[in-house]
Amino acid sequence: MSLRGGIGVLALIAVLASGFACKKKSDEGGATAGSGGGSAEPASAGLALAEKELAFGQVKLKASVPADWEEKIETGRFASARYQTPDFRYRLEIKETCCGMCEPEKWAENVKAEAAQYASGEMFQPPVKVTVQENAEVEPGKWVFVGRTEPVDPASGALSQTILHVWRYGADWEQIVTCDFSVERDDPKGPALLDALRKACLSLERLGPAQPAT
């Protein structure tokens with residue numbers, strides 16, 4: 001083999017080796033990015049939920065609640081289950097009420113009237129203006145209110161928030177069960193949390209009376 005031919009062969013081998021190394025590095029980089037994107041949950045789905053049975057009042061419930069938030073159960077007249085992050089930034093409260101007359105045939109009427117109070121701003125002090133995003137019975141026994149609040153007086157201390165309130169009820173329910181959650185309007189996690197907790201509240205299931213009939 002001539003010197004010129006030998007140099008040509010060596011050059012070809014070097015180019016091929018370099019191309020193989022670059023392709024392997026690129027493939028490895030692509031595999032890492034792909035596996036990372038597939039295994040990691042998207043930022044919008046960062047809330048872990050755990051299924052629990054709750055019986056803090058008159059209704060026994062099956063509920064999906066934030067798994068990593070601190071739980072506090074209150075019984076008695078103001079019975080509720082509260083879930084709060086350790087930094088107190090976010091809180092979900094599930095509680096029981098009648099919203100008026102404690103008669104099952106009045107549940108839908110009671111809920112509609114209370115939802116109207118949220119929409120008008122009557123439920124908030126200091127006063128706020130409310131922009132309604134959702135206010136309807138989405139299915140029989142499931143009413144959702146979502147609204148954005150703005151202080152009437154910026155110096156009043158009222159917050160600019162997005163409010164979620166869900167009512168669950170039915171002819172066989174011992175009381176109306178509500179879910180409450182609010183988040184600051186500019187919180188980047190707000191939309192994802194509202195969506196996840198709206199679904200969780202709508203999935204609440206009545207299992208029966210909290211205490212067996214005697």
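See the structure shown above.
Cut-off values and rules
- Residues numbered from 1 in each chain as written.
- Predicted model: local features only at pLDDT ≥ 70, side-chain atom pairs only at ≥ 80, totals over all residues.
- Heavy atoms only, no water.
- Pairing = 2+ DSSP bridges.
- Helix = DSSP H or I, 4+ residues; strand = E, 2+ residues; numbered from the N terminus.
- Axes fitted to C-alpha atoms, helices over the stretch in contact; angles between N-to-C directions.
- Contact = heavy atoms within 4.5 Å.
- Disulfide = S-S within 2.5 Å.
- Buried < 20%, exposed > 50% of the residue type's maximum accessible area, 1.4 Å probe, protein only.
- Expected span 1.5 Å × (residues − 1).
- Arc of directions from axis to C-beta.
- Salt bridge = Lys/Arg side-chain N within 4 Å of Asp/Glu carboxyl O.

Student: What am I meant to see in the pairing of strand β2 (residues 59-66) here?
Tutor: Regular strands show a simple pattern: their side chains alternate between the two faces of the sheet. Where strand β1 (residues 49-54) meets β2, six bridges bridge the pair, whose relative direction is antiparallel. Opposite Glu53, over in β2, you have Lys62 as the bridge partner. The turn linking β1 back onto β2 is made up of four residues. With four bridges connecting them, β2 and strand β10 (residues 205-209) associate as antiparallel partners. If you follow Leu61 over to β10, its bridge partner there is Arg206.

Student: I would appreciate a short explanation of the sheet that holds strand β7 (residues 142-151) in the present structure.
Tutor: Two modes of strand pairing occur in sheets, parallel and antiparallel, and in both the strands are linked by backbone hydrogen bonds. Strand order in the open sheet formed by seven strands is β3-β4-β5-β9-β8-β7-β6, and the pairing between neighbours is antiparallel. Strands at the two margins of the open sheet, each flanked by one partner only, are β3 (70-74) and β6 (128-139). In this sheet, neighbouring strand axes are inclined to one another by 15 degrees on average, regardless of whether the strands run parallel or antiparallel. Bridge count between β3 and strand β4 (residues 80-84): five bridges; the pairing is antiparallel. Along β4, the bridge assignment pairs Ile73 with Ala81. Relative to strand β8 (residues 161-168), helix α3 (residues 190-202) is tilted by about 5 degrees, and along the sheet it contacts β5 (91-97), β6, β7, β8 and β9 (176-184).

Student: Would you take a moment to explain the state of the cysteines for this structure?
Tutor: Note on terminology: a disulfide is the covalent bond linking the sulfur atoms of two cysteines. For the coordinates displayed, the defined rule picks out one disulfide. A disulfide bridge connects Cys98 with Cys102, and the sulfur atoms are separated by 1.8 Å. Looking along the S-S bond of the Cys98-Cys102 disulfide, the torsion reads about 105 degrees, which is the right-handed sense. The exposure class of Cys98 is buried, given its relative accessible area of 7%. Judged by relative accessible area, which is 52%, Cys102 ranks as exposed.

Student: It is not clear to me how helix α2 (residues 107-120) should be interpreted in this structure. Could you clarify?
Tutor: Three- or four-residue spacings in an α-helix give side chains the same orientation, since the helix completes a turn every 3.6 residues. For α2, spanning 14 residues, the distance from its first C-alpha to its last is 20 Å, which sits close to the expected 20 Å at 1.5 Å a residue. Looking only at α2, the buried set comprises Trp107, Asn110, Val111, Glu114, Ala115 and Tyr118. Projected down its long axis, α2 shows its buried positions confined to an angular sector of 130 degrees, all on one face. Residues Glu109 and Lys112 are exposed on α2 and point more than 90 degrees away from its buried face. Buried residues in α2 make contact with β6, β7, β8 and β9. Backbone geometry just after α2 places Gly121 at a positive phi near 95 degrees.

Student: It is not clear to me how the pattern of salt bridges should be interpreted in this structure. Could you clarify?
Tutor: A side chain with one charge can pair with a side chain of the opposite charge if their charged atoms come near. According to the stated counting rule, one finds 13 salt bridges in the structure shown. With a closest N to O distance of 3.5 Å, Glu205 and Lys62 form a salt bridge. Taken as a pair, Glu205 in strand β10 and Lys62 in strand β2 lie far apart in primary sequence, 143 residues in all. Among the residues examined, Glu205 registers a relative accessible area of 36% and is labelled partly exposed. Its relative accessible area of 27% is what places Lys62 among the partly exposed residues. Across the salt bridge formed by Asp187 and Arg89, the nearest N and O atoms sit 2.9 Å from each other. In this pair, Asp187 sits in the loop between β9 and α3 while Arg89 sits in the loop between β4 and β5, placing the two residues 98 residues apart along the sequence. Of the residues examined, Arg89 reaches a relative accessible area of 47% and is grouped as partly exposed.

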